[in-house]
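# Close look at the chain arrangement
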Amino acid sequence: MIDATPAVVSTLRRILFATLAIGAVGTEAELLLLGHFEDWKQYGPLLLLALVLGAQGWFVATRAPASIRALRAAMWLCIVSGVLGVYFHVRGNLEFELEMSPGAAGWALWREVMTGATPALAPGAMVQLGLIGLAWAYRHPALGRTPNAG
């Protein structure tokens, strides 16, 4: 049986919260350093990560249930953003490869698309951050639920 005492759950929750903050700061810094603001679609992750950090700051300052709900909403938006980002990166690489080699097809084309100039799976980091945040918020005690209730 898994030891899910309140102390263990609290420690795991703190680890998830810190991991989310570190991941959000690191991803935000990387996107800024890469100049990830060439068109409107590239602003989404930058704004979402700022929203995540703001919601985390709000929670740290107030422990308000509304801050947890805001963070949870931001996490769902991060997941959507990550999925859309993978789509946009793959589509951009595909368009580029087909422009460079119009007759390309099959595995050779797919390999070039996935290893192209735009990192195809990098936006998946937003999905990971979203899942970490949702795990942190799951049955959070500040929402008035016991964290170990079945």
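Below is a summary of the structure that appears in this document. (Residues numbered from 1 in each chain as written. Predicted model: local features only at pLDDT ≥ 70, side-chain atom pairs only at ≥ 80, totals over all residues. Heavy atoms only, no water.)

## Considerations on the environment of tryptophan 58
- With respect to the helices and strands, tryptophan 58 occurs in helix 2 (residues 40-62).
- Expressed as a C-alpha distance, the spacing of tryptophan 58 and alanine 70, which sit 12 residues apart in the sequence, is 9.4 Å.
- Apart from residues lying up to four places away in sequence, tryptophan 58 is in contact with Arg63, Ala64, Ala66, Ser67 and Ala70. (Helix = DSSP H or I, 4+ residues; strand = E, 2+ residues; numbered from the N terminus. Contact = heavy atoms within 4.5 Å.)

## Quick word on the nonpolar core
- Counting 22 residues, the largest nonpolar core has Val52, Leu71, Met75 and Trp136 as its most contacted members.
- Not counting the four nearest positions on each side in its chain, leucine 71 is found in contact with Phe17, Leu20, Val52, Ala55, Gln56 and Trp136. (Core = buried A, V, L, I, M, F, W, Y, C linked by side-chain atoms within 4.5 Å. Buried < 20%, exposed > 50% of the residue type's maximum accessible area, 1.4 Å probe, protein only.)

## As for helix 2
- Look at helix 2: 33 Å from first C-alpha to last across 23 residues, which is about the 33 Å you get at 1.5 Å a residue.
- Among the residues of helix 2, those classed as buried are Pro45, Leu46, Leu48, Leu49, Val52, Ala55, Gln56 and Phe59.
- Summarising the contacts, the buried residues of helix 2 are in contact with helix 1 (6-33), helix 3 (65-100) and helix 5 (124-137).
- Here helix 2 starts with a cap whose side-chain oxygen sits 3.1 Å from the backbone nitrogen of lysine 41, and that cap is aspartate 39. (Expected span 1.5 Å × (residues − 1). Polar contact = N/O pair within 3.5 Å; in protein donor to acceptor, adjacent residues only side chain to side chain.)

## A word on the packing of helix 2 against helix 5
- The geometry of helix 2 relative to helix 5 is characterised by a closest axis approach of 12 Å and an angle of 20° between their N-to-C directions. Comparing the axis directions of helix 2 and helix 5 gives the class roughly parallel. Once helix 2 is placed against helix 5, the crossing between them reads as left-handed. On the side of helix 2, the interface is formed by Pro45, Leu48, Leu49 and Phe59, while helix 5 contributes Met126, Leu129 and Trp136.
- Of the residues in the contact of helix 2 with helix 5, the class split is 7 nonpolar, no polar and no charged. (Axes fitted to C-alpha atoms, helices over the stretch in contact; angles between N-to-C directions. Parallel < 35°, antiparallel > 145°, perpendicular 65-115°, else oblique. Left-handed = near helix turned anticlockwise from the far one by under 90°. Nonpolar A, V, L, I, M, F, W, Y, C, P; charged D, E, K, R; others polar.)

## Points about the packing of helix 2 against helix 3
- Their axes nearest at 9 Å, the elements helix 2 and helix 3 cross at an angle of 160°. Considering their axes alone, helix 2 and helix 3 lie roughly antiparallel with respect to each other. For helix 2 against helix 3, the interelement crossing comes out left-handed. Contacts from Lys41, Pro45, Leu48, Leu51, Val52, Ala55, Gln56, Trp58, Phe59 and Thr62 in helix 2 reach Ala66, Ser67, Ile68, Ala70, Leu71, Ala74, Met75, Leu77, Cys78, Ser81, Phe88 and Arg91 in helix 3.
- Split into classes, the residues belonging to the contact of helix 2 with helix 3 amount to 16 nonpolar, 4 polar and 2 charged.

## Examining the pattern of salt bridges
- What the rule picks out here adds up to 1 salt bridge.
- The partner of glutamate 95 in a salt bridge is arginine 91, and the shortest N-O contact between them spans 3.6 Å. Residue glutamate 95 and its partner arginine 91 are located together in helix 3, separated by 4 residues, close to a single helical turn.
- Glutamate 95 sits in the partly exposed class, given a relative accessible area of 48%. (Salt bridge = Lys/Arg side-chain N within 4 Å of Asp/Glu carboxyl O.)

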